[in-house]
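# Residue-level structural notes
Each chain, letter by letter, is given below.
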Amino acid sequence: MKTIIKLFVLIATSLVAVSCAKQDSTMRTLIKPDGSCTRTVEIEFDTAQLTNGRPDYDKMAFRFDRNWTLSWAEKGSKDRHPFPVRHARTDSIVVIASSEWGNVADMARHTLFIPGTKTIIPKAEYKRSFRWFYTDYTFKETYPKVSLNFKIPLEKYLSKAEIGYWFSGEPNLGQGLSGWEIDDMMDGIKEKYSKWLAANWVEELCTLIEDNYSSIKDAPVSKQEFVSKRDKLLRETYWRSSDIVREMDEGIIREVFRKVFHSSAYDVILNDEGKTSTLEKAFSEFESLIRTTVDYQISMPGNDGKEGDAGGKNLFRYRLSGSRLLVGEYTVDSFVRVSNLWAFILTAFVMLAALLLAWRKWRHSR
């Protein structure tokens, strides 16, 4: 029964996870003019990880291979110390994973973004274009779209625009609407979203029952008839989805099965934690994905080479989140144009020299 209760909690919390996703970490990337780069990821560890030196990757959205160096620092301090932590107050410490690369493609290939169990490896490219008086620098990094393991697609309950607005804020469906109208619109989207979650849950329960049908004693219908009534079961779930999410009562799902089949025979599967734990895992992975948010910062050439300099004009900030990857691939595209001071000086010198030469020729011709 505990597993069923956990599933209710996961469904309920996932309804608000997109809007209150936690800021798991801060990732800073310093791009140098020649294309070499440095990347750091700041993460807060719990006391056990800080002292034993073993990162718990179930609690973070990144994985670090041997190319990354771990260190730690007091919050607000730039002084770094070798990891793990031996003698310090662990409640005021941030862990820093850092790496240096000769090009952005290698850096991206070793940036393993893994919210839940989804391994997301970005691709990056860097371009430098010399224009004499100025140089253009372009950095682009793309994180691929994440596909869900749920059988019922979001598109069956929400429009493409609603999916985009719910998970990423684009397109802005609230443009021009009053607060009252936005609240009403969000209630509608949230209701359809909860119906989609509940439907996927029941869909998985049906598959679980069908796979174990021979173990059900006194089944009210044959396996074939059970399969044929799946749509009816989903329709009943559709109407009870709000109660399922609001009440978080495991009895509601049993009521749905009993209403459709006039029997409690399927409770033997619904109450089997060993079997329903696979559902908990699927929903837990989904929740981990949509609750993960990264403060993504890029420092481009022309920023005085200061990593993470928030006051620099060439510092860009993005919001990388697992929920945005459900909509489609997520691309950060940073462009800066840096003036070449030496080019202005050299051009002025050449022009001055040309004027001086012309003046001398004119003077000698007199």
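Refer to the preceding data block for the structure.
Figured I'd write up the structure that's included with this text.

Analysis parameters
- Residues numbered from 1 in each chain as written.
- Predicted model: local features only at pLDDT ≥ 70, side-chain atom pairs only at ≥ 80, totals over all residues.
- Heavy atoms only, no water.
- Helix = DSSP H or I, 4+ residues; strand = E, 2+ residues; numbered from the N terminus.
- Buried < 20%, exposed > 50% of the residue type's maximum accessible area, 1.4 Å probe, protein only.
- Contact = heavy atoms within 4.5 Å.
- Areas by Shrake-Rupley, 256 points an atom, 1.4 Å probe, with all protein chains shown as cover.
- Phe/Tyr/Trp six-rings, centres within 6.5 Å; stacked < 30°, edge-to-face > 60°.
- Pairing = 2+ DSSP bridges.
- Axes fitted to C-alpha atoms, helices over the stretch in contact; angles between N-to-C directions.
- Patch = residues over 30% accessible without salt bridge, like charges linked within 9 Å, V, L, I, M, F, W, Y side chains within 5 Å.
- Salt bridge = Lys/Arg side-chain N within 4 Å of Asp/Glu carboxyl O.
- Lys, Arg positive; Asp, Glu negative; His and termini not counted.
- Charge placed at Lys NZ, Arg CZ, Asp CG, Glu CD.

To continue, consider the overall build of the chain. Looking only at helices and strands, the chain features 12 helices and 12 strands. Taken across its 366 residues, the chain has 46% of its residues classed as buried. Of the contacts formed within the chain by residues at least 6 apart in sequence, a portion of 67% connects residues at least 24 apart. Summed over all atoms, the accessible surface of the chain reaches about 19,700 Å², with 51% contributed by carbon and sulfur.

Within this structure, the stated rule accounts for 25 aromatic pairs. Ring geometry for Phe130 against Trp132: centres 6.2 Å apart, planes inclined by 75°, an arrangement best described as edge-to-face. On the basis of relative accessibility, which here comes to 33%, the residue Trp132 falls in the partly exposed class. Ring geometry for Tyr143 versus Tyr296: centroids 6.4 Å apart, planes at 85°, classification edge-to-face.

Our next topic: the sheet that holds strand 8 (residues 123-130). Taken in spatial order, the 3 strands line up as 8-9-12 in an open sheet, and their pairing is antiparallel. The open sheet has two edge strands with one neighbour each: strand 8 and strand 12 (330-339). The sheet shows a mean angle of 10° between the axes of neighbouring strands, direction not considered. Where strand 8 and strand 9 (residues 134-143) come together, 8 bridges link them in antiparallel fashion. If you follow Ser129 over to strand 9, its bridge partner there is Asp136.

The next thing to look at is a negative patch on the surface. On the surface, a cluster of negative charge is contributed by Glu181, Asp183, Asp184 and Asp187. Considering the arrangement of structural elements, one finds Asp184 in helix 5 (residues 179-211). Assessed through its relative accessible area of 54%, Asp184 is described here as exposed.

Checked against the element boundaries, Asn200 lands in helix 5. The exposure class assigned to Asn200 is buried, which follows from its relative accessible area of 0%. Every residue in contact with Asn200, bar those within four places of it in the chain, is listed here: Phe150, Lys151, Ile152 and Phe283.

In the structure shown here, the tally under the stated rule is 14 salt bridges. In this structure, Asp333 and Lys140 form a salt bridge, with 3.9 Å as the shortest nitrogen-oxygen distance. Highlighted residues: Asp333 in strand 12 and Lys140 in strand 9, separated in sequence by 193 residues. What makes Asp333 partly exposed here is its relative accessible area of 43%. Given a relative accessible area of 29%, Lys140 falls into the partly exposed group.

Let's shift gears to a nonpolar patch on the surface. Residues Phe130, Trp132, Phe133, Leu341, Trp342, Phe344, Ile345, Leu346, Phe349 and Val350 make up a contiguous nonpolar surface patch of about 1,000 Å² in total accessible area. Considering each element in turn, the nonpolar patch owes the most residues, 7 residues, to helix 12 (residues 341-365). Its place among the elements puts Phe130 in strand 8. Phe130 gets classed as partly exposed once you look at its relative accessible area, which sits at 40%.

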